[in-house]
Amino acid sequence: MSRTNGKNTWALFLLILAGIVLGGFIGYLAKDFSYLSWLNYGQKFGLSEPFVLNLGILVITFGINIKITMASIIGVIISIIVYRTI
């Protein structure tokens, strides 16, 4: 586990992940309010159809969809600020 300036890199990763999840959740909740609907504005990208690999006895399905919203970006920025202050 690498450390930079005495801070744990895994802690930064977990904080960023928490910022993305909480930001996305807040954006989802805010979509019904007209003055907060901009928090749910974003772009969705990924595989529209899952990729299926059939090996006879084993079937593997690959698929990923990512939605980046304004609230997620704000959550990431807040998590980086929290990481730097701790």
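Above this text sits the structure in question.
Quick caveat, the model's predicted, so the values are computed rather than measured.

(A) Quick peek at the pairing of strand β4 (residues 51-54). Alignment of β4 against strand β5 (residues 59-62), held across four bridges, turns out to be antiparallel. By the bridge assignment, L53 is partnered in β5 with I60. Where β4 folds back onto β5 in an antiparallel hairpin, the turn is made up of four residues, including G56, whose phi is positive at roughly 95 degrees.

(B) Representation of the environment of G23 within the structure. Locating G23 in the fold gives a position in helix α1 (residues 9-30). Looking at G23, the relative accessible area reads 5%, which means it is buried. In this structure, the C-alpha to C-alpha distance between G23 and S72, residues 49 residues apart in sequence, is 4.1 Å. When neighbours within four sequence positions are excluded, G23 is seen to be in contact with T69, A71 and S72.

(C) Layout of helix α2 (residues 70-85). With 16 residues, α2 extends 23 Å from end C-alpha to end C-alpha; this agrees with the ideal 22 Å at 1.5 Å per step. Every buried residue of α2 is accounted for by A71, S72, G75, S79 and Y83. Considered in projection along α2, the buried side chains sweep an arc of 115 degrees and stay on one side of the axis. Facing away from the buried side of α2 by more than 90 degrees, the exposed set consists of R84 and T85. Tucked into the core, α2 has its buried residues touching β2 (7-8), α1 and β6 (65-69).

(D) Geometry of α1. With 22 residues, α1 ought to run about 32 Å at 1.5 Å a step, and its terminal C-alpha atoms sit 31 Å apart, in line with that. Inspection of α1 places G19, G23, G27 and A30 among the buried residues, and these make up the whole buried set. Burial along α1 is one-sided: seen end-on, the buried residues are contained in an arc of 65 degrees. Exposed and facing more than 90 degrees away from the buried side of α1 are W10, L14, V21 and L22. Where α1 is buried, its residues meet β6 and α2. One side-chain oxygen of the residue at the start of α1 lies 3.0 Å from the amide nitrogen of W10, identifying that residue as N8.

(E) Local environment of the pairing of strand β3 (residues 42-46). Among the five residues in β3, zero count as buried, and that is only a small part of the element. One ladder, built from five bridges, connects β3 with β6; its direction is antiparallel. Paired with K44 across the strands is K67, a residue of β6.

Reading guide: rules and limits
Residues numbered from 1 in each chain as written. Predicted model: local features only at pLDDT ≥ 70, side-chain atom pairs only at ≥ 80, totals over all residues. Heavy atoms only, no water. Pairing = 2+ DSSP bridges. Helix = DSSP H or I, 4+ residues; strand = E, 2+ residues; numbered from the N terminus. Buried < 20%, exposed > 50% of the residue type's maximum accessible area, 1.4 Å probe, protein only. Contact = heavy atoms within 4.5 Å. Expected span 1.5 Å × (residues − 1). Arc of directions from axis to C-beta. Polar contact = N/O pair within 3.5 Å; in protein donor to acceptor, adjacent residues only side chain to side chain.

None of the figures reported here should be taken as evidence of function without further support.
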